[in-house]
Amino acid sequence: MTRGQDGPDAANRNQLWAAALLDELARSGVRHVVIAPGSRSTPLVLAAHRNPDLIVHVGLDERSAAFFALGIGRASGHPAAVITTSGTAVANLLPAAVEADRAEVPLLLLTADRPRELRDGDANQSVRQPGIFSTCARAEWDLMHPEVSTGAVTHLRAVACRAVAATRGSGAGPVHLNVPFRKPLEPTLVESDREAILALGAEVREVREGRPDGAPWVRIHDAVPFAAPTVVRDVAEALGEAERPLFVAGHLAPGCGDVVLRAAHAVGAPILADPLSGARFANVDGATRIVTYDTILRDEEIARALEPDLILRLGRTPTSAVTATWLAAGDARRIAIDAGPLWKDHSASVHDMVVADPVAFLSVLTREVGISGHQTPDRSEWLRTWRDVDAAARTAFEGDLASIELAVARTVVRSAEDGDSIFVSSSMPIRDVDTVSGAGDRLVAIHANRGASGIDGVVSTALGAAASGSGPLVALLGDLAFLHDANGLALARAADVVFVVVNNDGGGIFHMLPVSEWDPPFTELFATPQGRDLATHSASFGLPHDVVSPEELDAALSAALAAGGTRVLEVRTDREREVDARATDRGAAVRAARSALGLPT
C-alpha cells in the first residue's frame, strides 16, 4: 500500500478507510483479491491494487469471481476476498457463498454499498445488502461510514482481523463485510479529510499505517475442538472390542488423509476412502484402502458379507449414495467425528456424535490405542476379505471399459503425478472418479464443489484452485457445466488448467433417473441437448481447443500440461449409450468381487 503524506490514502476518508481495511486483511493472511467491474467499489479496488502484499485477479462478473475466490480457499485453506459494487452484483455472490457454507470453505465477501440514507427507498442500485447472506454467512459486519478518527480506524482494523479469523478453523465458511461509501469514490482531494488524516498519522502512527513489522492489529488464534479424554478412551475401547471395525473417510479438509490412514492402520480396520478425503492418494504404508465400494456394495450378498460391527466415520457423508445408505443400515455401532457448524448425520443413524477436529482426535486416538493394552481380536481375515474383494473389482476396472466416460475419468486420474491437483465437477464426473480412480502412494489432491453439489461455477473454481499456488491442474467436467460458467474462462490467464470436457450434448445423469422412461418430454426438459460448438466457445476467450478420442486423451493431456497455460480438451460421448456401458462395467466388477468371496457368478 502506498503510504505517506502525499499518498492516495491521504486524499480523502474513503481512501484511508479502504486502504486500512485492505492492509489489515493482508496482514491477517489474505493474499488474493478477486474483483469485478463496478463504481461504488472504487475505493476498495484501488486500495487492493496499491497493496503490494495482495494479488489482484479481475473477472467479468461477480458470480464467476466469487467461485474463483472459492477455488483459492478450497485448495489453500486460506480465504480469498471477492470485491463487488452494490446492487445485484452482491446477489450474484450467493451461489458461491452457499457452496462455501455447505462445504466449509473459507471465503471473504467484501461488498461496497450506497450510503445508509439511500436504503429502503427508490435510489438507483440500492438494495438491502446487510443480511443478504444471513442463511450461510459465519459472521457479517455492516460497517459504519468511513470516519477519520483514532477509534473508528482502530475498530475497522480489529473487525478486519475478526472477519478473516471467522472464515477459518473448524467452522470455516463465508464471511460478509458490507462497506458503505459516500462520494467521492475516486482519490479526489478533500482538504478537510486530508488535514484530519495527516493529523491522525502524526498523532497515532499505528492507526494509519498498522502495527509495526507487518503484524495484524490483533492476533486471533484458531481454536481446535478437542474431545474429552473420556470420549477418546470410550472410542478406543469400542475399537478394541470390535471384531469387524470399519473406517469411513468422507469429505475432509486438505491435509487430513495421512492422519486418517495411519489411524486406520493402527486400529487394524479397512478404510473406505472417498476421493475428496485425501486418503486415496497418500504415501502411507500398511493401510487397507477400499475404493470400489460404490460398485461392490450394490450387490446384496457382497454387502451382507462385508457388514461391520463398528463404523467410525470422519468428515462429511461420502459421495456415494449407495455407500451412505449401506452405512445407515445394519446393527453396527456408528460413531461420527467432525467439527464445524453442520450436523454430519443427515440420515439420523449415528449412535455417537463426537464434535471434534478429526485430525486432532485421531492423533490422540492412535496414541491411546497404542498404550491402552487392549487385546484386540485378530482382524487379519476381516482385512483380507476387504482387500481381496476390492482388488478383484479394481482389476476389472483396470481392463478395457465399455464406458467412454469411465475411461476418461480413469485416464485423468492416472495422468496425475506426485504433487498434481485435479478438480472434478458434480453430476457424473465425480461419480465416475469415485468408481474408477483407484488409489496410490503418489500425492494427488482431488477437489470438487460437493457442498451443495451444483455444476455452476465449476470453471471459475477450478481456475481459482490452480491460482492458489497449487500448480497446474486438470479439471474434469461435462458440457453443461462448461457452458454454465461461460464467463469463468475470462480468468483463464490467472492459472494453468487443462479442462477435459466430456461432451454428451446434455445432462447424462438424468438418464439414470426414472423420469428418463417418459420421452417426450424427457429429452427436451431434462437431458436438454445444448447443440453448441465448444471450440467456438473456447476460441472466444482465446483458448486452444482440441477434440480428442478417448484413446488420444492420455497423450493429449501430457502435451497440454507440458505446454502450460489454460486449454480445453473435448471428448465426445453418447448419453444413452453410456447408461448401458456403465452397467456393463459395473457388472464385470461385481462378478469379479463375488468370485473373490466364493459366491456364484
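The structure contained in this document is the topic of the report that follows.

Definitions and limits used
- Residues numbered from 1 in each chain as written.
- Predicted model: local features only at pLDDT ≥ 70, side-chain atom pairs only at ≥ 80, totals over all residues.
- Heavy atoms only, no water.
- Helix = DSSP H or I, 4+ residues; strand = E, 2+ residues; numbered from the N terminus.
- Buried < 20%, exposed > 50% of the residue type's maximum accessible area, 1.4 Å probe, protein only.
- Contact = heavy atoms within 4.5 Å.
- Phe/Tyr/Trp six-rings, centres within 6.5 Å; stacked < 30°, edge-to-face > 60°.
- Lys NZ or Arg CZ within 6 Å of the ring centre and 35° of its normal.

What follows covers the environment of Leu110. By secondary structure assignment, the location of Leu110 is in strand E4 (residues 107-113). A residue is classified by how much of its surface remains accessible, and Leu110, at 0% relative accessible area, is buried. Residues within four places of Leu110 in sequence aside, it is in contact with Leu21, Leu22, Leu25, Leu44, Val82, Ile83, Thr84, Leu177 and Val179.

Here we take up the packing of aromatic side chains. Under the counting rule described, the total for this entry stands at three aromatic pairs. Geometrically, the ring pair formed by Trp326 and Trp386 is edge-to-face, given 6.3 Å between the ring centres and 75° between the ring planes. Residue Trp326 is found in helix H13 (residues 321-328), and its partner Trp386 is found in helix H15 (residues 380-398); the two are separated by 60 residues along the sequence. Assigned by exposure class, Trp326 and Trp386 land together as buried. Pairing Phe482 with Phe499 gives two aromatic rings, centres 6.4 Å apart and planes at 55°, and the pair type is tilted. Taken as a pair, Phe482 in helix H19 (residues 479-484) and Phe499 in strand E16 (residues 497-503) lie far apart in primary sequence, 17 residues in all. Among the residues examined, Phe482 registers a relative accessible area of 0% and is labelled buried. The residue whose ring lies beneath Arg211 is Trp217, and the NZ or CZ to ring-centre distance is 3.7 Å.

With that out of the way, let us pick up unusual backbone geometry. At the junction of Lys183 and Pro184, the peptide bond is cis and its omega measures out at 10° in the coordinates. Structurally, Pro184 is set in the loop between strand E6 (174-180) and helix H7 (191-203). A positive phi angle is found at Glu104, which is not glycine, with a value near 60°. Tracing the sequence through the fold places Glu104 in the loop between helix H5 (94-103) and E4. According to the relative accessible area criterion, Glu104 is buried, its value standing at 17%. Unlike most non-glycine residues, Ala348 shows phi in positive territory, near 55°. Relative to the helices and strands, Ala348 is located in the loop between strand E11 (333-337) and strand E12 (352-354).

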